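# Summary of structural features
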Amino acid sequence: DRVGHALKRAPDAAIEIAGHTDPYGDPEYNLELSRRRAESVRQYLADHGAANRFSVVGYGSTRPLINERTRAASQKNRRIEFRVKEER
């Protein structure tokens, strides 16, 4: 919700929403899961009034924050990241 409020203050910003997963499971499934995760966030933000131009991308487990195979690392690697691509 905090991100949504910030985006409403910058409606001309183009935002990339990137989904990520942990390394467990089939890599193709993880790519699709990460894309669906990002799409869900895009839909939530749009439903709550964010009028930005969004792009959605799924990276699966290809960009981990932590390369360890622990429960804590897996939790941190399952995430959404936002990137401002441009402002008009």
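All values derive from a computational prediction rather than experimental measurement.

Calculation notes
- Residues numbered from 1 in each chain as written.
- Predicted model: local features only at pLDDT ≥ 70, side-chain atom pairs only at ≥ 80, totals over all residues.
- Heavy atoms only, no water.
- Helix = DSSP H or I, 4+ residues; strand = E, 2+ residues; numbered from the N terminus.
- Expected span 1.5 Å × (residues − 1).
- Buried < 20%, exposed > 50% of the residue type's maximum accessible area, 1.4 Å probe, protein only.
- Arc of directions from axis to C-beta.
- Phe/Tyr/Trp six-rings, centres within 6.5 Å; stacked < 30°, edge-to-face > 60°.
- Lys NZ or Arg CZ within 6 Å of the ring centre and 35° of its normal.

A separate point is helix H2 (residues 27-47). Helix length check: H2, at 21 residues, gives a terminal C-alpha distance of 30 Å against a target of 30 Å (1.5 Å per residue), a fit within 8%. Those residues of H2 that fall on the buried side of the exposure criterion are Asn 30, Ser 34, Ala 38 and Leu 45. Taken end-on, H2 shows its buried residues confined to a sector of 70°, consistent with a single buried face. The exposed residues of H2 that point more than 90 degrees off its buried face are Glu 28 and Asp 47.

Two descriptors summarise a pair of aromatic rings, namely the distance from one centre to the other and the angle between the planes of the rings. A full pass over the atoms with the stated rule returns 0 aromatic pairs. Directly above the aromatic system of Tyr 59 lies the positively charged group of Arg 63, at a separation of 3.8 Å from the ring centroid. For Arg 69, the ring lying beneath its charged end belongs to Tyr 24, and the centroid distance is 4.9 Å.

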